[in-house]
Amino acid sequence: MKLEAITKTIDLGDGRTITLETGRLARQADGAVLLTCGKTMILATVVSAKTAREGVDFLPLSVDYQEKFASVGRVPGSFLRREGRLSDYEVLICRIVDRALRPLFPGDYHAETQVMIQLISSDENVMPDSLVGLAASAAITITDIPFEGPISEVRVARVNGEFVINPYRDQLAEADIDFIVAGTAHDINMVEGEADGVSEQDMLEALKVAHNAIKQQCQAQLEFCDQLGGRPEPRVYDHEKNDPEMKERMMNELYQKLYDIAKIPAGKAERSEAFENVYNTFVEGLEEEYMAEFGDAVKRYFSKVKKKAVRNMVLETRGRLDGRKLDEVRQIWTEINVLPTPHGSALFTRGETQSLTTVTLGSKLDEQLLDSPNLQGYNKFMLHYNFPAFSTGEVRPNRGPGRREIGHGNLAMRGLKKMLPEDVGYTIRVVSDILESNGSSSMATVCAGSMALMDAGIKMRAGLSGIAMGMISDEETGKYAILSDILGDEDHLGDMDFKVVGNDTGIYACQMDMKVNGLSYEVLEEALLQAKAGRTHVLREMEKTIVQPNEDLKPHAPRLVKFTVEKDKIGAIIGSGGKVIQDLQAKTGTTITIEEVDGKGVVEILSSNKDGLEMAKRMIDGICEEPEIGKVYEGEVKSIMDFGAFIEFLPGKQGLLHISEISWKRLENMEGVLEEGEMVKVKLLEIDQKTGKFRLSRKVLLEKPEDYVEPQKRERPAGGGNRDRNDRGGRDRNDRGGRDRNRGGGNHRGGQPRGDRGERGERRENRGSNNDNDSVG
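Residues numbered from 1 in each chain as written. Predicted model: local features only at pLDDT ≥ 70, side-chain atom pairs only at ≥ 80, totals over all residues. Heavy atoms only, no water.

Colleague: I'd like a rundown of the overall build of the protein, residues and numbers included.
Modeller: Secondary structure assignment for the protein yields 14 helices and 33 strands. What you see for the protein is a C-alpha radius of gyration of 40 Å, clearly larger than the 28 Å of a compact globule of 777 residues, by over 25%. Overall, the protein is about 135 × 70 × 55 Å in size when its C-alpha atoms are taken along their principal axes. Taken across its 777 residues, the protein has 49% of its residues classed as buried. Looking at the protein alone, contacts between residues at least 24 apart form 68% of all its contacts between residues at least 6 apart. Of the accessible surface of the protein, which amounts to about 38,700 Å², a share of 47% is contributed by carbon and sulfur atoms. Each charge class in the protein was averaged separately, 105 positive and 127 negative side chains, and the resulting centres sit 8 Å apart. (Helix = DSSP H or I, 4+ residues; strand = E, 2+ residues; numbered from the N terminus. Rg over C-alpha atoms; globule rule 2.2 N^0.38 Å. Buried < 20%, exposed > 50% of the residue type's maximum accessible area, 1.4 Å probe, protein only. Contact = heavy atoms within 4.5 Å. Areas by Shrake-Rupley, 256 points an atom, 1.4 Å probe, with all protein chains shown as cover. Lys, Arg positive; Asp, Glu negative; His and termini not counted. Charge placed at Lys NZ, Arg CZ, Asp CG, Glu CD.)

Colleague: Tell me about helix H1 (residues 88-101), and name the residues and values.
Modeller: In this model, H1 (14 residues) spans 20 Å end to end at C-alpha, consistent with the 20 Å of a helix rising 1.5 Å per residue. Most of H1 sits inside the fold, with 12 of its 14 residues counted as buried. (Expected span 1.5 Å × (residues − 1).)

Colleague: Give me the lowdown on the side chain of His408, citing residues and values where you can.
Modeller: With respect to the helices, strands and loops of the structure, His408 is situated in helix H7 (residues 403-417). Residue contacts for His408: discarding those within four places in its chain leaves Arg95, Tyr385, Ser441 and Ser442.

Colleague: Explain the sheet that holds strand E10 (residues 188-198) to me, using residue names and the numbers behind them.
Modeller: Within a sheet, each strand pairs with its neighbour through backbone hydrogen bonds, oriented either parallel or antiparallel. Ordered in space as E8-E7-E9-E10-E21-E20-E18-E19, the eight strands form an open sheet in which the pairing is antiparallel. Each edge of the sheet is formed by a strand with only one pairing partner; in this case those strands are strand E8 (162-165) and strand E19 (480-484). Direction aside, neighbouring strands of the sheet carry axes that sit 15° apart on average. Taken strand by strand, helix H3 (residues 200-227) contacts strand E7 (152-159), E8, strand E9 (175-183), E10, strand E20 (496-502) and strand E21 (507-514), and its axis lies near 140° from that of E7. (Pairing = 2+ DSSP bridges. Axes fitted to C-alpha atoms, helices over the stretch in contact; angles between N-to-C directions.)

Colleague: Summarise the packing of helix H2 (residues 132-141) against H3; cite the residues concerned and give the values.
Modeller: Look at H2 against H3: their axes get within 10 Å of each other, and the N-to-C directions meet at 35°. Handedness of the crossing formed by H2 with H3: right-handed. Listed contacts from H3 to Leu134, Ser137, Ala138 and Thr141 of H2 are Gln217, Gln221 and Cys225. Of the residues belonging to the contact of H2 with H3, the class tally is three nonpolar, four polar and no charged. (Left-handed = near helix turned anticlockwise from the far one by under 90°. Nonpolar A, V, L, I, M, F, W, Y, C, P; charged D, E, K, R; others polar.)

Colleague: Any details on the state of the cysteines? Residues and values, ideally.
Modeller: For the structure on display, the rule yields zero disulfides. As a non-bridged cysteine, Cys447 has Cys510 as the owner of its nearest cysteine sulfur, 16 Å distant. (Disulfide = S-S within 2.5 Å.)

Colleague: I'd like to hear about the nonpolar core, residue by residue, with values.
Modeller: Soluble globular proteins: nonpolar side chains tend toward being buried together. In terms of nonpolar packing, the biggest core is built from 111 residues, with Phe179, Val181, Met203, Val298, Phe348, Ile428 and Phe498 touching the most fellow members. Considering each element in turn, this core owes the most residues, 13 residues, to helix H6 (residues 288-317). When near neighbours in sequence (up to four residues on either side) are disregarded, Phe348 contacts Ile332, Trp333, Thr334, Thr353, Gln354, Ser355, Ala444, Cys447, Ala448, Met451, Val538 and Met542. (Core = buried A, V, L, I, M, F, W, Y, C linked by side-chain atoms within 4.5 Å.)

Colleague: Can you lay out the pattern of salt bridges for me, pointing to particular residues and giving the numbers?
Modeller: This structure, assessed with the given rule, holds 53 salt bridges. The partner of Glu192 in a salt bridge is Arg414, and the shortest N-O contact between them spans 4.0 Å. In this pair, Glu192 sits in strand E10 while Arg414 sits in helix H7, placing the two residues 222 residues apart along the sequence. We classify Glu192 as buried; its relative accessible area is 6%. Arg414 gets classed as buried once you look at its relative accessible area, which sits at 17%. For the salt bridge of Arg559 with Asp552, the shortest nitrogen-to-oxygen distance reads 3.1 Å. One salt-bridge network, in which partners are shared between bridges, spans Arg99, Glu192, Glu194, Asp196, Arg414, Lys417, Lys418 and Asp513. (Salt bridge = Lys/Arg side-chain N within 4 Å of Asp/Glu carboxyl O.)

Colleague: Please set out a nonpolar patch on the surface residue by residue, giving values where relevant.
Modeller: A contiguous nonpolar surface patch, about 200 Å² in accessible area, is contributed by Val632, Val700 and Leu701. By secondary structure assignment, the location of Val632 is in strand E25 (residues 632-641). On the accessibility criterion, Val632 (40% relative accessible area) is partly exposed. (Patch = residues over 30% accessible without salt bridge, like charges linked within 9 Å, V, L, I, M, F, W, Y side chains within 5 Å.)

Colleague: Provide a residue-level description of the packing of aromatic side chains, including the pertinent values.
Modeller: Applying the stated criterion across every chain, the model contains nine aromatic pairs. Seen in terms of ring centroids, Phe105 and Phe147 are 5.3 Å apart; in terms of plane orientation they differ by 55°. Their pairing is tilted. Linking Phe105 in the loop between H1 and strand E6 (113-121) with Phe147 in the loop between H2 and E7, this pair joins segments that are 42 residues apart in sequence. Between the aromatic rings of Tyr385 and Phe387, the centroid separation amounts to 6.3 Å while the plane-to-plane angle is 10°, which identifies the pairing as stacked. Judged by relative accessible area, which is 15%, Phe387 ranks as buried. Taken together, Tyr633, Phe649 and Phe694 form an aromatic cluster joined through their ring pairs. We note Arg16 situated over the ring of Tyr168; from NZ or CZ to the ring centre the distance is 5.1 Å. Against the face of Phe387 rests Arg404, its NZ or CZ located 4.1 Å from the ring centre. (Phe/Tyr/Trp six-rings, centres within 6.5 Å; stacked < 30°, edge-to-face > 60°. Lys NZ or Arg CZ within 6 Å of the ring centre and 35° of its normal.)

Colleague: Go over the packing of helix H5 (residues 268-284) against H6, please, and point to the residues and values.
Modeller: Two elements in contact, H5 and H6, have axes separated by 11 Å at closest approach and are oriented at 140°. Read as a crossing pair, H5 and H6 show a hand that is right-handed. Mapping the contact onto sequence places Phe275, Val278, Tyr279 and Val283 in H5 and Met291, Val298, Lys299, Phe302, Lys306 and Val310 in H6.

Colleague: Before we move on, can you summarise the confidence of the model for the protein with the specific residues and values?
Modeller: Residues of the protein with pLDDT of at least 70 account for 91%, and the chain-wide mean is 89. Per-element confidence in the protein is highest for strand E12 (residues 344-350), whose mean pLDDT is 98, and lowest for helix H14 (residues 757-768), whose mean pLDDT is 42. Every residue in residues 720-777 scores below 50 in pLDDT, and together they form 71 contacts with partners more than four places removed in sequence or on other chains. (pLDDT = per-residue confidence, 0-100.)

Colleague: An account of the environment of Lys690 is requested, with residue identities and associated values reported.
Modeller: Structurally, Lys690 is set in the loop between strand E28 (679-687) and strand E29 (694-697). Given the relative accessible area of 81%, Lys690 is considered exposed.

Colleague: Account for the sheet that holds strand E4 (residues 40-48), with residues named and values stated.
Modeller: As summarised here, the arrangement of the six strands in space is E1-E2-E3-E4-E6-E5, forming an open sheet in which the pairing is mixed. Only two strands of the sheet have a single partner each, and these edge strands are strand E1 (6-11) and strand E5 (61-67). Across the sheet, the mean angle from the axis of one strand to that of its neighbour is 15°, orientation sign disregarded. Two strands pair when backbone bridges link them, and E5 and E6 are joined in this way by seven bridges, in the parallel orientation. Paired with Ser62 across the two strands is Gln114, which belongs to E6. This element, H3, spans E1, strand E2 (17-22) and strand E3 (31-37) of the sheet and lies at about 160° to E1.

This is how it looks when you write it as structure tokens:
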């Protein structure tokens, strides 16, 4: 039986199409949609439990996105050779889908819900992160799961001055705006991305272009439902126990008390204690049997009364929980070089939020390996954000970074990487440890990270700051208040969390989450301009501590030397099995890497020891250097023979320093003249054209004695007759040790029987005693 699929095609207007399909795959899920764009295929499924678990008063929604290695025709590189835990890249995609979907589920819907998205086929030039939101929303929209969608997500980029929706991967290299935007047909509810110092007006224009595309894709999902017979009626659910009379009673009795507490400026702990006392006092007057049945409802009602009281206080008094004005930033205190051993450090404190950030500089060997189906290569800039429980006065097991920590660190990284020089050379790791938190710790990470990088001596293009904006609004009255530098309570009770990273030049990164409908572009523009004033103020406060990067690295920080060599020298530097480069590192105490780039060898040497760095550079230069006749070298005595010594005058290149070339004085033997490992200066006299062997001299670099007598050399007699060999101890050439040189006289050489060993030994002794300084061996 062939399974029939129902499809809907969305025309992107530039020749590309997106196809939604259901009915053929994953039929036991509540909803399943296969999205196809080019060769990219994404399967999105959703399942939601029919009932809620006991005691759950929130939506337990989980969104998981995973890229299958089979989608790009690769076997996973892990030990188990299968997909494992989600990568940071996949977690970030999970977050952008979660943040877009979560606000559109009813507040009283508490059934466990799981959205699973899988990349099962991948087009290398089509980026899946701009399609996953559409696939997930379509899978939910065709079900009876209560959902106030549909939504969609698109990427908007400005390439060469033109806005492009869902650009190809290779187009992003030329883009100065790169935002993922999500929303319904009516409003935008999520933004995440980066830019190259663009203005607030440019950002608004990008959001408008993105929202037009979102509207089209939301309409296509509704038409898709129509093809299936219409959108199903939402399922009936009852996940909360309610007592309307108690709800009204609590509003009447507690609202004013909570309003009055909110009006009094206080710190986080003091304010929380005051709110808690009101709750405890009220609960003490309730019967135990009632609390056993409606205890969760009482807590829920109290939270709603408190939320309404605080929001109305802000809208009516234009004041805030800590007494600040709407656009006022908390007091800022900063310090650099707070830790003696890291390569850079900074402490940034804003109100009750504090980040201690460190910078570590490493070599190419410290780069992060990226190995996922759509993301391969190496990463030279890492930012890790840690949020321990003690920062909020809580007790919680430390089980590594969660999705929130990964997302906050990525936002700070997006902004700071824009300020790095083009060729920084180092692998850089920035670590932000949040020591206190009461709102916007990710923006504290941006500020502390910028200062720590400057403290480390990294030549940042400019300082960078960040600020978190909030908003409280009332749809009935039309009142709203935009808040600068929000507190944790203002984030929790507000309608918007809008983080903006930038400086005087413009915006470099942003993240926005909306919790209500109806944010107009005029209000959004007002929030952006207020954020600009706020981040500028923060930057001026940071500049009181550090304005420009330090002129030099810390004394204990590693220095980096980078240079190029000819391609054919790469093998010589590495050596057989890496022997040469390992020996260089061991001798100099440095870290050396080399790779081929554009037909050249790029060498990097890293060391905190200046002498070792210079020594490694000289040795590599020596390996690459071609020996030059007449040049003076300093070499190491590698081995000593009876007739001289072999000197390594360049790395991997040895020449003979004959005994006659060591000194102007006549040397009888090599005993006590040189030692292995000794460094000597020598001059290259000759390179044998046939063998390539090198002949060295030390004596030519020494001053010639005044009484030195140049040995006389006799010319060879005309006609090739017998000659007197002064350079051989005055012996006749035809009479070496009494031996006849007539080679034609029998089967033995020179007329001497092979068995006459005694005379041969005498001849050797005679030759050894006739060393003359004129001899060249």
